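Residue strings, one per chain:
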Amino acid sequence: MKKNDWNFATKVIHAGGEADKETGAIMPPIYQTSTYVQSSPGKHKGYEYTRSHNPTRSRLEENLAALENAKYALVSASGLSMIDLIMHSLPTGSNILCGDDVYGGTYRLFTTVFNKQHNYTFLDTTDLKSVEKHLKTKPELIWLETPTNPLLKISDIVAISKLAKKYKVKVVVDNTFMSPYFQNPLDLGADVVMHSMTKFINGHSDVVGGCMMTNNKSFYDKVWTLQNSIGPSQSPFDSWLVLRGIKTLAIRMEAHQKNAMKVAKFLETHSKVERVVYPGLKSHPQHRIAKKQMHGFGGMITFFLKGDIKKSKKFLEKVKLFALAESLGGVESLIEHPAIMTHASVPKDVRESIGLYDNLIRLSVGIEHVDDLIADLEKAFSFV
Ligand code: P1T
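Keep in mind that this is a model prediction, so the values were computed, not measured.

Side chains that are nonpolar tend, in soluble globular proteins, to be buried together. Grouped together as the largest cluster of nonpolar side chains are 71 residues, with contacts concentrated most on Leu267, Phe315, Leu363 and Leu377. A total of eight residues in this core trace back to one element, the largest contributor, which is helix 10 (residues 249–268). Both domains that furnish three or more residues to this core are identified here as domain 1 (3–246) and domain 2 (249–381). Ignoring anything within four residues of it in the chain, the contact list for Leu377 reads Val263, Phe266, Leu267, Phe315, Val319, Phe322, Ile335 and Leu363. If you look at the next biggest cluster of nonpolar residues, it comprises 26 residues, including Met87, Leu109, Met212 and Leu226.

Structure below.
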């Protein structure tokens, strides 16, 4: 059986996972080295310096490329550093379309760092008519987060990629919330997919990392050259930890989804909840597109608590099993308040114009026993 024909659960364990040639070690060695000895100037075994290449990182890149059905993968030190490299790869003065609901750090990078270099237009990418109107202006690139962070809005990747091809616009999808297990944007027509590996891909809340996958060699070469020139490469040890975490991605994602569906249904019927947003619920505005382009609905839930910011804070102080913390995608459940925490850098009027209100709470549902998670939420509700 060829590697490309492996099922996902086999790829996560075996892609890039051959036994070590020298010793037979079943786990890849951590090449904790900054440099490599050359036999003559310029004569080496493919590795010169760890900022440029490292064998442990190469193993991870091989694995990631397989998971997104891509020819090329590049790993960097954080999700944001990968977004930074992609933005650096565009000609100065580029016009960029971006979904109006993205991770607060992405918004901050675009509006306070790259706004001096490029022009950003934020729009609701669930509205295809608006997307086409903007694509007609022939921007350089359209940046999609789908589902979005934190409102879980879903954009139609197939439809947008078709339109983008018509107007020769590059499509990049931040696939962090779904992980390669539940969604493969390249298969749906996107040009580039990127992830914060800090989240589901690593899955154990002990690494910060980013990656991008593509079939476009010249784009990969450009971004690799930028990474080598600017320097945000991931350390060998962190790459090794991700290689370790990724092996259980398939079973973790199934467990996240199973729990999230139960928690979403519990919240949907709760008298203290105004509204629940979860792609797996029929009430989700893009549930139909979610079913079409995703292989599952993931572990992220957003809900609006009845009441004001004081009530939200009280609720967040009272959960015990759900840890009040930024980030997502780890085996342990996390809860957070986007307006105060992950999206504080988005101005209040911008937040509210897209529906990101102060009573919005985001859950990253972990893989604990779901009854304990629901009991924890129920107890916290009793205080508000
Ligand atoms: O944190 P970092 O690895 O640099 O990744 C940034 C990033 C990019 N894209 C999405 C969709 C993200 O959610 C993130 C990081 N998000 C959080 C830390 C958070 O709590 O939402």
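Right, picking up where we left off after that structure.
Here we take up the sheet that holds strand 2 (residues 95–99). With mixed pairing, seven strands are arranged side by side in an open sheet as 1-7-6-5-4-2-3. With one partner strand each, in any of the chains shown, strand 1 (72–76) and strand 3 (119–123) form the two edges of the open sheet. The mean inter-strand angle of the sheet, taken between neighbouring strand axes irrespective of direction, is 20 degrees. The pairing of strand 2 with strand 3 spans five bridges and is parallel. Its bridge partner being in strand 3, Cys98 is matched across the sheet by Phe122.

In spatial order, the strands read 8-9-12-11-10; together these five strands make up an open sheet with mixed pairing. In this open sheet, the two strands that pair with only one neighbour each are strand 8 (273–277) and strand 10 (323–324). Helix-sheet contacts for helix 12 (residues 309–318) involve strand 9 (300–305), strand 10, strand 11 (334–336) and strand 12 (360–364), and the interaxial angle to strand 9 is about 135 degrees.

Inspection of the entire model under this criterion finds 13 aromatic pairs. Geometrically, the ring pair formed by Phe266 and Phe381 is tilted, given 6.3 Å between the ring centres and 50 degrees between the ring planes. In this pair, Phe266 is assigned in helix 10 and Phe381 in helix 14 (residues 370–381), connecting sequence segments 115 residues apart. In this structure Phe381 comes out as buried when scored by relative accessible area, which is 1%. Sitting over the ring of Phe383, Lys318 keeps its end group 4.6 Å from the ring centre.

Next up on the list: the environment of Arg57. Mapped onto the elements of the fold, Arg57 is located in helix 2 (residues 55–67). Taking C-alpha positions, Arg57 is 7.5 Å from Gln234, a pair spaced 177 residues apart along the chain. Residues in contact with Arg57, not counting those within four places in the same chain, are Thr50, Arg51, Ser52, Val75, Ser233, Gln234 and Ser239.

Around the ligand, the surrounding shell holds 19 residues, and the nearest of these are Asp174, Ser196, Thr198, Ser327 and Arg362. At 3.5 Å, a side-chain N or O of Lys199 approaches a nitrogen atom of the ligand. Look at the ligand: alone it shows 470 Å² of surface, and the protein chains cover 93% of it. Classifying every residue of the shell around the ligand gives five nonpolar, nine polar and five charged. Lining the shell around the ligand are residues from two domains, each supplying at least three of them: domain 1 (3–246) and domain 2 (249–381).

Now for the pattern of salt bridges. Taken as a whole and assessed by the stated rule, the structure comprises nine salt bridges. Measuring nitrogen to oxygen at the nearest pair gives 2.8 Å for the salt bridge that ties Asp221 to Lys217. One end of the pair, Asp221, and the other, Lys217, are both in helix 8 (residues 217–230), four residues apart, so they sit about a helical turn from each other. Lys217 sits in the partly exposed class, given a relative accessible area of 44%. As a salt-bridge pair, Glu336 and Arg362 come within 3.2 Å of each other at their nearest N and O atoms.

Rules used in this analysis
Residues numbered from 1 in each chain as written. Predicted model: local features only at pLDDT ≥ 70, side-chain atom pairs only at ≥ 80, totals over all residues. Heavy atoms only, no water. Core = buried A, V, L, I, M, F, W, Y, C linked by side-chain atoms within 4.5 Å. Buried < 20%, exposed > 50% of the residue type's maximum accessible area, 1.4 Å probe, protein only. Helix = DSSP H or I, 4+ residues; strand = E, 2+ residues; numbered from the N terminus. Domains from an automatic or database assignment. Contact = heavy atoms within 4.5 Å. Pairing = 2+ DSSP bridges. Axes fitted to C-alpha atoms, helices over the stretch in contact; angles between N-to-C directions. Phe/Tyr/Trp six-rings, centres within 6.5 Å; stacked < 30°, edge-to-face > 60°. Lys NZ or Arg CZ within 6 Å of the ring centre and 35° of its normal. Near = heavy atom within 4 Å. Polar contact = N/O pair within 3.5 Å; in protein donor to acceptor, adjacent residues only side chain to side chain. Areas by Shrake-Rupley, 256 points an atom, 1.4 Å probe, with all protein chains shown as cover. Nonpolar A, V, L, I, M, F, W, Y, C, P; charged D, E, K, R; others polar. Salt bridge = Lys/Arg side-chain N within 4 Å of Asp/Glu carboxyl O.

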